Amino acid sequence: WSPDHPHLYDLSIRLMKNGEVTDEVDSYFGMRKISIVKDKQGYNRLALNNEILFQNGPLDQGFWPDGLNTPPSDEAMKYDIEATRAMGFNMLRKHVKVENRRFYHWCDKIGILVWQDMPSAAGFIAPDDEDLQPSEEHKSQFEQELKQLVLTHYNHPSIVMWVPFNEGWGQYDTERIVNMVRALDSSRLVNNASGWSDRGVGDVIDIHHYPDPRCPDPEEDRASVLGEFGGLGLYVEGHTWQQENWGYEKLQAVDELLEKYEDYYTTVRNMEEDCGLAAVVYTQTTDVESETNGLMTYDRDRIKMGAENILKAHQGIIPPRIGSPLRKFIETVEVELIAPDPDAAVQYCLYVPGQEDKWNAYEGVVEMSAPFTMKTKSLWPDGRQSRENTYSFHKATPFPAVNIKMLPGLHVDYYTGNWDSLPEFTDLTYDK
């Protein structure tokens, strides 16, 4: 069993008495292995069925506008998982919530890995604090429910990691809790604490960083994962829960969101090679309540950036970037296009009369003296091509210089000299 080949075996169990079936149940099972292995560079990687697999998934909180924690239907749960796969993710982190068992059934059937959080208990510690010391009653209740989570979900092949604690919420006796989970289920990985209060135990070191991605320092025995990042917010009129909303960074347009998302995943791919990053979790699957940082709107009416664009962002199939972020010029502007990959060819189209559909191969800096719009795309020898990206450049008229003599009562200190190179500031004198 794997996300790309979620093969499941049918299972029938019959209770027989004197050759007659007295009871019968049908089910299924899957065969898969999750482990930590070393790659050729010595980095610890997550391996599925003994093959290294970079795990990429969204933070999935499982909220719904018409039921909060309760999905409206079986089909609704199934849709979220299908949409997640269509966007190119192979994993999801089920965040501090336990879903209806049908949710995991569809994860098994459709094919997606699951990092399963334990819902957080009361109390909180900052990153550098010691573990909490809750009452025995608190410990007993938390551990009973954690055991039930593991034992009742043990047979789902999609679940590959247990996450007992998140960002210091209710975190206590971390090493003992990790050992308890391992004793219950030695076939899966354990993430001792997603974000913040790592205790050096478990199978992964997991950090959170918003909005841009970061990589934990590699360790000898544990894999490095980024348990939360991103959180790029985009408000969609008519599809939010409330007018006041937030994201870790609020953007104004889909193109702006998509370009930043593509840049973040370019960084992720580099970190995978350069510092051994083994998995990432992007925040998040959908908008929820006051948060507008979802890949989908809260009502699931739309995927903000488009599933295919998100998929291509994960694969590095992105359009070229311009060399300078400036979009205004006075007399002329030179536009440099930078390919996302040395193997990719760059094409551009200028939206000027008679040229709207003419694509040109980029061979050097493009110089323009009138306002214009440029459309760009990247093409690979094997036929892959990026989405089309659009940049608009505007001509600006500079404000005339102010004659300070016409401003009575204004006293100005200014320096004179040759500014072709930086002066020795301590030697400067000024005129009044």
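Below or above, wherever it landed, is the structure these notes cover. (Residues numbered from 1 in each chain as written. Predicted model: local features only at pLDDT ≥ 70, side-chain atom pairs only at ≥ 80, totals over all residues. Heavy atoms only, no water.)

All right, on to the pattern of salt bridges then. Inspection of the entire model under this criterion finds 31 salt bridges. A salt bridge links Asp-203 to Arg-182; the nearest nitrogen and oxygen atoms lie 3.0 Å apart. Here Arg-182 lies in helix H4 (residues 174-184) and Asp-203 lies in the loop between strand E10 (189-190) and strand E11 (204-208), a separation of 21 residues in the sequence. Residues Asp-185 and Arg-188 are paired through a salt bridge, measuring 2.8 Å at the closest nitrogen-oxygen approach. (Salt bridge = Lys/Arg side-chain N within 4 Å of Asp/Glu carboxyl O. Helix = DSSP H or I, 4+ residues; strand = E, 2+ residues; numbered from the N terminus.)

Attention now goes to a nonpolar patch on the surface. Taken together, Tyr-9, Phe-29 and Met-31 make up a surface patch of nonpolar side chains, about 300 Å² in accessible area. If you trace the backbone, Met-31 turns up in the loop between strand E2 (20-29) and strand E3 (34-38). (Patch = residues over 30% accessible without salt bridge, like charges linked within 9 Å, V, L, I, M, F, W, Y side chains within 5 Å. Areas by Shrake-Rupley, 256 points an atom, 1.4 Å probe, with all protein chains shown as cover.)

With that out of the way, let us pick up helix H6 (residues 307-315). Every buried residue of H6 is listed here: Ala-307, Ile-310, Lys-312, Ala-313 and His-314. In this fold, the buried residues of H6 make contact with strand E6 (55-60), helix H1 (74-86) and helix H5 (254-274). Phi for Gly-316, located one or two positions after H6, is positive at around 80°. (Buried < 20%, exposed > 50% of the residue type's maximum accessible area, 1.4 Å probe, protein only. Contact = heavy atoms within 4.5 Å.)

Before going further, it helps to examine the state of the cysteines. Evaluation of the coordinates by the stated rule reveals 1 disulfide. Cys-215 shares a disulfide with Cys-275; S-S distance 2.3 Å. Since a negative S-S torsion denotes a left-handed disulfide, the Cys-215-Cys-275 link at about 125° is right-handed. One end of the pair, Cys-215, is in the loop between E11 and strand E12 (223-230); the other, Cys-275, is in the loop between H5 and strand E15 (277-283), with 60 residues separating them in the sequence. (Disulfide = S-S within 2.5 Å.)

Further remarks concern the sheet that holds strand E23 (residues 372-379). Pairing within the open sheet is mixed, and its 5 strands lie in the order E17-E24-E23-E20-E21. In this open sheet, the two strands that pair with only one neighbour each are strand E17 (328-329) and strand E21 (360-361). Pairing of E17 with strand E24 (residues 389-395), which is carried by 2 bridges, proceeds in the parallel orientation. Pairing of Lys-328 across the sheet is with His-394, part of E24. (Pairing = 2+ DSSP bridges.)

This part takes up the layout of surface pockets. Space inside the largest pocket adds up to approximately 480 Å³. Around the largest pocket sit 21 residues that line it, and Asp-4, Leu-53, Phe-54, Gly-88 and Asn-90 are the ones nearest its centre. When residues of the lining of the largest pocket are traced back to their parent elements, those giving at least two are strand E5 (51-52), H5 and H6. The greatest single-element share of the lining of the largest pocket, amounting to 4 residues, is contributed by H5. Partitioning the lining of the largest pocket into residue classes produces 9 nonpolar, 7 polar and 5 charged. (1 Å grid on protein atoms, 1.4 Å probe; cavity = no way out; pocket = protein on both sides within 12 Å on 5 of 7 lines; lining within 4 Å. Points joined across faces, edges and corners; volume = space filled by probe spheres on them. Nonpolar A, V, L, I, M, F, W, Y, C, P; charged D, E, K, R; others polar.)

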